[in-house]
Amino acid sequence: MNHSPVTLPRLTALARQAAPRLLEGVVAPLAVFYLAMVILGFKWALALTVAWVYLGVAWRLIKRVKVPATMWLAAFAITIRAIVAFWTGTWMWFFIQPEMGTICISIAFLASVRLNRPLVQKLTLDYIHLPSAVLKHERVRRFFARITLLWAFVLLMNSTLSIFLAVYESLAGSLGAFMVLRTSAVAVISGTAITFSIIAFKRLLHRLHVSHA
């Protein structure tokens, strides 16, 4: 196999790239919702959370920065979530709705393995170029299939746990406890899976490079 070594950025570099998006798209909306809920009430919490997302879109339009398609989808999704939560009158449905979508994604991950088109491979190729010779290697094919299965179960586990906590804490009337428990659990599970995936991928590429040196 003739190809140049493929390397991945350091974990710290990946974290620096992901942190701003994570803060804006995940942490900030949760913080806005919780603070508004405590200070102003449920309806204001919904309104201000939706406003935060659209403010991010408007800021990019004003600065003439391209708005990612994922941000448009996020704006649409959070609008639907807010409408359903407002209609039901409980914060539980504001958090359960995206988890239902995540369960569908986990099913898609499982189906992609069955169809020999693992989604993790497609997502990886969006950020890292891998030569076709590498992609055709049996070890690489098995790796992406196994990692896709791993992430299918990680997503399913996160969603199931989040729905359980949302229902339980909604009955207990504790939004704060739900946010702390849910955020902590998802961070630990996802963080462990991300670290394992990157380390395993680096080891795979190292073995391929050594075996064909």
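Residues numbered from 1 in each chain as written. Predicted model: local features only at pLDDT ≥ 70, side-chain atom pairs only at ≥ 80, totals over all residues. Heavy atoms only, no water.

Overview of the environment of Leu156
Logical step 1: Locating Leu156 in the fold gives a position in helix H7 (residues 138–172).
Logical step 2: For the pair Leu156 and Ser106, spaced 50 residues apart in the sequence, the C-alpha separation amounts to 5.9 Å.
Logical step 3: Each residue touching Leu156, except ones within four places of it in the same chain, is listed here: Ile103 and Ser106. (Helix = DSSP H or I, 4+ residues; strand = E, 2+ residues; numbered from the N terminus. Contact = heavy atoms within 4.5 Å.)

Quick notes on H7
Logical step 1: Helix length check: H7 (35 residues) gives 51 Å between terminal C-alpha atoms against 51 Å at 1.5 Å per residue, within 8%.
Logical step 2: Within two residues after H7, Gly173 carries a phi angle of roughly 75 degrees, on the positive side. (Expected span 1.5 Å × (residues − 1).)

Considerations on the packing of helix H4 (residues 92–114) against H7
Logical step 1: Orientation of H4 relative to H7, taken along the N-to-C sense of each, is 160 degrees, at an axis distance of 8 Å. Classed by the angle they form, the pair H4 and H7 counts as roughly antiparallel. Of the two elements, H4 crosses H7, and the hand of that crossing is left-handed. (Axes fitted to C-alpha atoms, helices over the stretch in contact; angles between N-to-C directions. Parallel < 35°, antiparallel > 145°, perpendicular 65-115°, else oblique. Left-handed = near helix turned anticlockwise from the far one by under 90°.)

A word on helix H2 (residues 42–62)
Logical step 1: Helix length check: H2 (21 residues) gives 30 Å between terminal C-alpha atoms against 30 Å at 1.5 Å per residue, within 8%.
Logical step 2: Among all positions in H2, only Phe42, Ala45, Leu46, Thr49, Val50, Val53, Gly56, Val57 and Arg60 are buried. Looking straight down H2, one finds that the buried residues subtend no more than 130 degrees of arc, so they occupy a single side. Away from its buried face by more than 90 degrees, H2 exposes Lys43, Trp44, Leu55, Trp59 and Ile62. (Buried < 20%, exposed > 50% of the residue type's maximum accessible area, 1.4 Å probe, protein only. Arc of directions from axis to C-beta.)

Brief notes about the nonpolar core
Logical step 1: Ranked by size, the top nonpolar core spans 23 residues in total, and within it Phe33, Leu46, Trp91, Phe94, Phe95, Leu175 and Phe178 carry the most contacts.
Logical step 2: At the level of elements, helix H1 (11–39), H2, helix H3 (69–88), H4, H7 and helix H8 (175–211) are the ones that each hand at least two residues to this core.
Logical step 3: At five residues, the largest contribution of residues to this core is made by H2.
Logical step 4: Ignoring anything within four residues of it in the chain, the contact list for Phe33 reads Phe42, Ala45, Leu46, Thr49, Trp91, Phe94, Phe95 and Leu175.
Logical step 5: Counting 15 residues, the second-largest nonpolar core is a separate cluster that includes Phe109, Val140, Leu155 and Leu205. (Core = buried A, V, L, I, M, F, W, Y, C linked by side-chain atoms within 4.5 Å.)

Points about the side chain of Ser197
Logical step 1: Residue placement: Ser197 occurs in helix H8.
Logical step 2: By relative accessible area, which is 11% here, Ser197 ends up buried.
Logical step 3: Look past the residues within four positions of Ser197 in its chain and what remains in contact with it is Phe143, Ile147, Leu150 and Trp151.

Thoughts on a nonpolar patch on the surface
Logical step 1: Together, Tyr34, Leu35, Val38, Ile39, Leu40, Trp44 and Leu48 line one region of the surface with nonpolar side chains, adding up to about 720 Å² of accessible area.
Logical step 2: The set of elements that each furnish at least two residues to the nonpolar patch consists of H1 and H2.
Logical step 3: Here the nonpolar patch takes four residues from H1, the largest share from any one element.
Logical step 4: Within the element layout of this structure, Leu48 appears in helix H2.
Logical step 5: A residue is classified by how much of its surface remains accessible, and Leu48, at 32% relative accessible area, is partly exposed. (Patch = residues over 30% accessible without salt bridge, like charges linked within 9 Å, V, L, I, M, F, W, Y side chains within 5 Å. Areas by Shrake-Rupley, 256 points an atom, 1.4 Å probe, with all protein chains shown as cover. Salt bridge = Lys/Arg side-chain N within 4 Å of Asp/Glu carboxyl O.)

Some words on the confidence of the model for the protein
Logical step 1: In this model, the protein carries a mean pLDDT of 79, and residues with pLDDT of at least 70 account for 77%.
Logical step 2: Per-element mean pLDDT across the protein ranges from 64 in helix H6 (residues 132–135) up to 89 in H7. (pLDDT = per-residue confidence, 0-100.)

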